[in-house]
Amino acid sequence: MALIDEEHITNEDAFQRACASLVGGVNSPVRSFAAVGGVPFFVAGGHGSYLTDVEGRRYLDYIQSYGAIIHGHGNPVVLSALTEAARQGTTFGAPTLGEVELAEMIQQKVSGVDLVRLTSSGTEATMTALRLARGVTNRSKIVKFEGCYHGHSDALLAASGSGVASLGLPASVGVAPNAVADTIVVPYNELPPIDETVAAVIVEPVAANMGLVPAQSGFLQELRSLTEQSGALLIFDEVITGFRVAEGGASALYGVTPDLWCFGKIIGGGLPVGAVAGPHHLMNHLAPTGSVYQAGTLSGNPLATAAGSAALRLLNTASYRMLTGRAEQLAFGLTKVIEEADLAVQVQRVESLLGIFFADEPVTNYRQAVASVERGIYPYFFHAMLKRGIALAPGPYEVLFPGLAHSVDDVDKTIDVASAAAAEARERWRRAG
Ligand SMILES: Cc1ncc(COP(=O)(O)O)c(C=O)c1O
Ligand SMILES: N[C@H](C=O)CCC(=O)O
């Protein structure tokens, strides 16, 4: 029986109720508002660029399910593909043509991808890519970059961005020392030493879990050469960048072909999904053709593949032109009004991905990102925006996802609101001082 009258429920009520049955009231830590203070709003529904909470308040949404959504909430084409698929059944534990269609679409859009293995999350995709790299190279060490987030598998939690960074957690709690003994952590945008023990270098080609930190000119190209020389595999974690920064993802944008790709988010059209992809000679090492084991009861789920294929089918050159145009407008406007409010700001952007650092200088690595976050302005700005109806992510290391449902008017409204919000945030931050 419901404990609360759902017609008159407040976010506060919903959170209290959630805390009695869900750890911290949420199912993923960044949603909890722990990094910004206060109580999370509970979503009743989403339409296009907007969310509505259980109190009936509307928010212009820049979270967009952390990038799982690119066409806006409830896109009719995606919804109709999903409902049509659901009518045929929800999961079978046997292959379906829907899985093939999604894999073919990934092959077509990403140059260098011959084969795909679908998973149910980005975490599974990166975990599988590491296992595959170790299996193929017969080496054990993995290089990852500080502040990059590759999901929550043990080996990759080291020096992780996103919620681990926002909550200031030591990533080692609950992780056996052995599990990270072979993980080498190096600063983003610096070339790591790679010897003959390194199986793979995994990187977010645009770092989007420590705020938005672009790869500096030549960084990805140099990583490509270094890994080639040493026999280590280069893994692009494109769970965020895939099909977002360009139709062919970051590898197309930068003209760098990794050995393996990890995808997620957009390829599920808002449903749980992930994928590892790469050339035949590597991917065929996965079972059943090879001996690197990987599996999943719900992998290639018919609903997720139907929604994902529909979402990908809708994307074309014009979509990316529009996305980038909106993001440029947003970045320019935010920079202007926040600076006018007398706050130092760097709105960093790669195509349609952008992040806000309250910093004097451009941020190029995790340490600089932390220094900017530690100034403590973001929570004030976040709340000043939220109370005016603009939802940014409740964590300073997350990014903004303007999507195809965000109109020019939405962006203009955001900039107007940001002007007042920045002035309020500055005052409250100085007073707290
Ligand atoms: C770059 C990147 N890799 C991997 C993941 C893990 O994906 P998931 O949350 O679907 O497990 C995420 C997001 O969570 C991500 O942003
Ligand atoms: N930054 C994370 C992934 O991109 C946010 C998603 C989550 O952890 O809930």
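Residues numbered from 1 in each chain as written. Chains lettered and ligands numbered in written order. Predicted model: local features only at pLDDT ≥ 70, side-chain atom pairs only at ≥ 80, totals over all residues. Heavy atoms only, no water.

- As named in an unreviewed UniProt entry, the protein chain is Glutamate-1-semialdehyde 2,1-aminomutase, taken from Ferrimicrobium acidiphilum.
- Comment text from UniProt for the protein chain, heading Subcellular location (unreviewed entry), reads "Cytoplasm".
- The Subunit (unreviewed entry) comment attached to the protein chain in UniProt states, word for word, "Homodimer." (UniProt positions renumbered as here; feature names shortened; annotations may be inferred.)

## Section: the site of ligand 1
Link 1 in the chain: All residues adjacent to ligand 1 are S121, G122, T123, Y149, H150, G151, E204, N209, D237, V239, I240 and K265.
Link 2 in the chain: At a separation of 3.0 Å, an oxygen atom of ligand 1 approaches a polar side-chain atom of N209.
Link 3 in the chain: About the coverage of ligand 1: the protein hides 84% of its 380 Å² of free accessible area.
Link 4 in the chain: Each residue belonging to the shell around ligand 1 can be placed in one class, and the counts come to three nonpolar, six polar and three charged. (Near = heavy atom within 4 Å. Polar contact = N/O pair within 3.5 Å; in protein donor to acceptor, adjacent residues only side chain to side chain. Areas by Shrake-Rupley, 256 points an atom, 1.4 Å probe, with all protein chains shown as cover. Nonpolar A, V, L, I, M, F, W, Y, C, P; charged D, E, K, R; others polar.)

## Considerations on the layout of surface pockets
Link 1 in the chain: Volume-wise, the second largest pocket comes out at about 380 Å³.
Link 2 in the chain: Considering the residues around the second largest pocket, the lining is formed by 19 residues, among which A94, P95, E99, S299 and G300 are closest to the centre.
Link 3 in the chain: The set of elements that each furnish at least two residues to the lining of the second largest pocket consists of α4 (97-109) and β4 (115-119).
Link 4 in the chain: By residue class, the composition of the lining of the second largest pocket is nine nonpolar, eight polar and two charged. (1 Å grid on protein atoms, 1.4 Å probe; cavity = no way out; pocket = protein on both sides within 12 Å on 5 of 7 lines; lining within 4 Å. Points joined across faces, edges and corners; volume = space filled by probe spheres on them. Helix = DSSP H or I, 4+ residues; strand = E, 2+ residues; numbered from the N terminus.)

## Topic: empty space enclosed by the protein
Link 1 in the chain: Taken as a whole, this structure holds two cavities of 30 Å³ or more when the rule is applied.
Link 2 in the chain: Approximately 50 Å³ is the volume found for the largest cavity.
Link 3 in the chain: In terms of lining, the largest cavity is formed by I356, F357, F358, S372, V373, G376, I377, Y378 and P396.
Link 4 in the chain: Those elements that place two or more of their residues in the lining of the largest cavity are β14 (353-357) and α13 (366-373).
Link 5 in the chain: Along the lines of polarity and charge, the residues of the lining of the largest cavity split into seven nonpolar, two polar and no charged.
Link 6 in the chain: Here the second largest cavity is characterised by a volume of approximately 40 Å³.
Link 7 in the chain: Lining the second largest cavity are P29, V30, S32, F33, A34, A35, S166, L167, P394 and G395.
Link 8 in the chain: Its residues assigned to classes, the lining of the second largest cavity comprises seven nonpolar, three polar and no charged.

## What to know about the packing of α4 against helix α11 (residues 302-313)
Link 1 in the chain: For the pair α4 and α11, interaxial distance at closest approach is 8 Å and the crossing angle is 30 degrees. In terms of orientation, α4 and α11 fall into the roughly parallel class. α4 and α11 meet at a crossing whose hand is left-handed. Here G98, E99, E101, L102, M105, I106 and K109 of α4 come into contact with α11, specifically with T305, G308, S309, L312 and R313. (Axes fitted to C-alpha atoms, helices over the stretch in contact; angles between N-to-C directions. Parallel < 35°, antiparallel > 145°, perpendicular 65-115°, else oblique. Left-handed = near helix turned anticlockwise from the far one by under 90°. Contact = heavy atoms within 4.5 Å.)

## As for the domain arrangement of the protein chain
Link 1 in the chain: For the protein chain, the assigned domains read domain 1 (11-73 + 316-432) and domain 2 (77-313).
Link 2 in the chain: Relative placement of domain 1 and domain 2: their C-alpha centres are 25 Å apart.
Link 3 in the chain: Listed as interface residues are 36 residues of domain 1 and, on the opposing side, 34 residues of domain 2.
Link 4 in the chain: Carbon and sulfur atoms make up 62% of the surface buried where domain 1 meets domain 2, a total of about 2800 Å² over both sides.
Link 5 in the chain: Together, Y320, Y366 and Y397 form the three largest contributors to the area buried by domain 1 at its contact with domain 2, with a combined 22%.
Link 6 in the chain: Our count for the domain 1 to domain 2 interface comes out at one salt bridge.
Link 7 in the chain: R367 serves as the salt-bridge partner of E146, at 2.8 Å between the closest nitrogen and oxygen.
Link 8 in the chain: Residue assignment for the side of domain 1 that touches domain 2 shows that the elements contributing at least two residues are α2 (64-67), α12 (317-340), β13 (346-350), β14 and α13.
Link 9 in the chain: If you tally residues by element for the side of domain 1 that touches domain 2, the top one is β14, at four residues.
Link 10 in the chain: Partitioned by chemical class, the residues of the side of domain 1 that touches domain 2 number 22 nonpolar, ten polar and four charged. (Domains from an automatic or database assignment. Buried area = accessible area lost by both parts, 1.4 Å probe. Salt bridge = Lys/Arg side-chain N within 4 Å of Asp/Glu carboxyl O.)

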